[in-house]
Amino acid sequence: FLVLVIDGAEGFYAINNQFLATGPKGFMEFKMLENEDMFVRIDFPGVPKDGVRVFLDQSKKAVCIFAEAPKEHKYDYSERNYGTSTGLVCKCCEVSGFTSLMCDGVLRLILTKSNITPQRSSCISFLAGPDFREDLRGDGPHKFPHGTDPNGNVCCCCCCGICGADPKLTGRILMPHPCVNYGSEMAYESKQLQNGGLYVRVDMPGVPKENFTVAVMNGRVKVAGEAPAVSHDSSGRFYSGDVAMLSTPFDIPIRKIKIIAKNGVIRLIIPPV
């Protein structure tokens, strides 16, 4: 087998995942809703529904998130542990509550905020992500630097490095997952097996197990996955790409490839040819 990482002449569509072909880029998406609640999408591929813990920080300014993706197959390099926090940066509001939904390797949060200075109207608060900078803290009124606005327009900031509008999210160099504390930080893993076969893991967060497809054409093993828009996602996402090239030009039947799809991750065990 020759393992392939396919990119175009100008690089990857999204440097957070070399298989992402269309849809919002980045490991995270932030959006302020019309009622001024905050929507957050964070990709945690491999994490089951019961594998995430979200709790309100003592300061009431942020929520802390810990997630665990188990080692689903013996050929996985290891389990993966994630950790991050997100919340308000302004001085005039606090997080008063949140709801969370973990599904197909994606965590979606809605944060409710309340004003702690009654003499002032509620601000449009910063939302802090992994790139949080203390110098952004202020008294408001504030801009909203991350993600998309309530009308679905891409954000106009050039410093966040997270939202789909940022040109830094397109290029030839892949970005490691910023929330991984232990385990693989990349969306692709492969291992040559002793019998001459190949093991492949591909992260496609947001894709239900029934929306994965595998095909073998002209000696190339191709995977694809469709992630529908859920909750306040800006849109759905589509993943596609070649994961391996067979050592012979003859295609093997799909039934001979063991396929394991769950929690936004597809794993293939390709027999030797």
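An unreviewed UniProt entry lists the protein chain under the name Alpha crystallin/Hsp20 domain, with Arabidopsis thaliana x Arabidopsis arenosa as the source organism. UniProt, in its Sequence similarities (unreviewed entry) section for the protein chain, records the words "Belongs to the small heat shock protein (HSP20) family."

Quick look at the sheet that holds strand E3 (residues 28-32) now. In space, the 4 strands of this open sheet follow the order E3-E4-E9-E8, with antiparallel pairing throughout. In the strand order of this sheet, the two ends are held by E3 and strand E8 (93-103), each with one partner. In this sheet, adjacent strand axes meet at a mean angle of 15° when their direction is disregarded. In terms of strand pairing, E3 meets strand E4 (residues 38-43) through 5 bridges, oriented antiparallel. Its bridge partner lying in E4, Glu-29 is registered against Arg-41.

With that settled, the discussion passes to the pattern of salt bridges. Following the criterion strictly, the structure yields 11 salt bridges and no others. The partner of Arg-41 in a salt bridge is Glu-29, and the shortest N-O contact between them spans 3.2 Å. Of this pair, Arg-41 sits in strand E4 while Glu-29 sits in strand E3, and the two are 12 residues apart along the sequence. For the pair Arg-41 and Glu-29, a shared accessibility class is recorded, and that class is buried. A salt bridge links Asp-76 to Arg-267; the nearest nitrogen and oxygen atoms lie 3.0 Å apart. Pair noted here: Asp-76 is in the loop between strand E6 (62-69) and strand E7 (80-88) and Arg-267 is in strand E18 (residues 265-270), with a separation of 191 residues, a long-range link. Each member of the pair, Asp-76 as well as Arg-267, carries the same accessibility label: buried.

Another point: the packing of aromatic side chains. Following the criterion strictly, the structure yields 4 aromatic pairs and no others. Taking 6.0 Å as the distance between ring centres and 15° as the angle between the ring planes, the aromatic pair formed by Phe-55 and Phe-66 counts as stacked. Here the residue Phe-55 occupies a position in strand E5 (residues 52-56), and Phe-66 occupies one in strand E6, the gap between them amounting to 11 residues. Relative accessible area serves as the criterion here: at 35%, Phe-66 is assigned to the partly exposed category.

Soluble globular proteins tend to pack their nonpolar side chains together in the buried interior. Counting 27 residues, the largest nonpolar core has Phe-44, Val-47, Val-52, Ile-65, Tyr-82, Leu-107 and Leu-109 as its most contacted members. Listed by contribution, the elements that provide at least two residues to this core are E3, E4, E5, E6, E7, E8 and strand E9 (106-115). Setting aside residues no more than four positions away along its own chain, Val-52 makes contact with Val-47, Ile-65, Phe-66, Ala-67, Met-102 and Leu-107. If you look at the next biggest cluster of nonpolar residues, it comprises 24 residues, including Met-204, Val-216, Val-223 and Val-243.

Once that is clear, we can look at the environment of Ser-234. Locating Ser-234 in the fold gives a position in the loop between strand E15 (220-227) and strand E16 (237-245). Residue classification places Ser-234 among the partly exposed positions, given a relative accessible area of 36%.

What counts as what
Residues numbered from 1 in each chain as written. Predicted model: local features only at pLDDT ≥ 70, side-chain atom pairs only at ≥ 80, totals over all residues. Heavy atoms only, no water. UniProt positions renumbered as here; feature names shortened; annotations may be inferred. Pairing = 2+ DSSP bridges. Helix = DSSP H or I, 4+ residues; strand = E, 2+ residues; numbered from the N terminus. Axes fitted to C-alpha atoms, helices over the stretch in contact; angles between N-to-C directions. Salt bridge = Lys/Arg side-chain N within 4 Å of Asp/Glu carboxyl O. Buried < 20%, exposed > 50% of the residue type's maximum accessible area, 1.4 Å probe, protein only. Phe/Tyr/Trp six-rings, centres within 6.5 Å; stacked < 30°, edge-to-face > 60°. Core = buried A, V, L, I, M, F, W, Y, C linked by side-chain atoms within 4.5 Å. Contact = heavy atoms within 4.5 Å.

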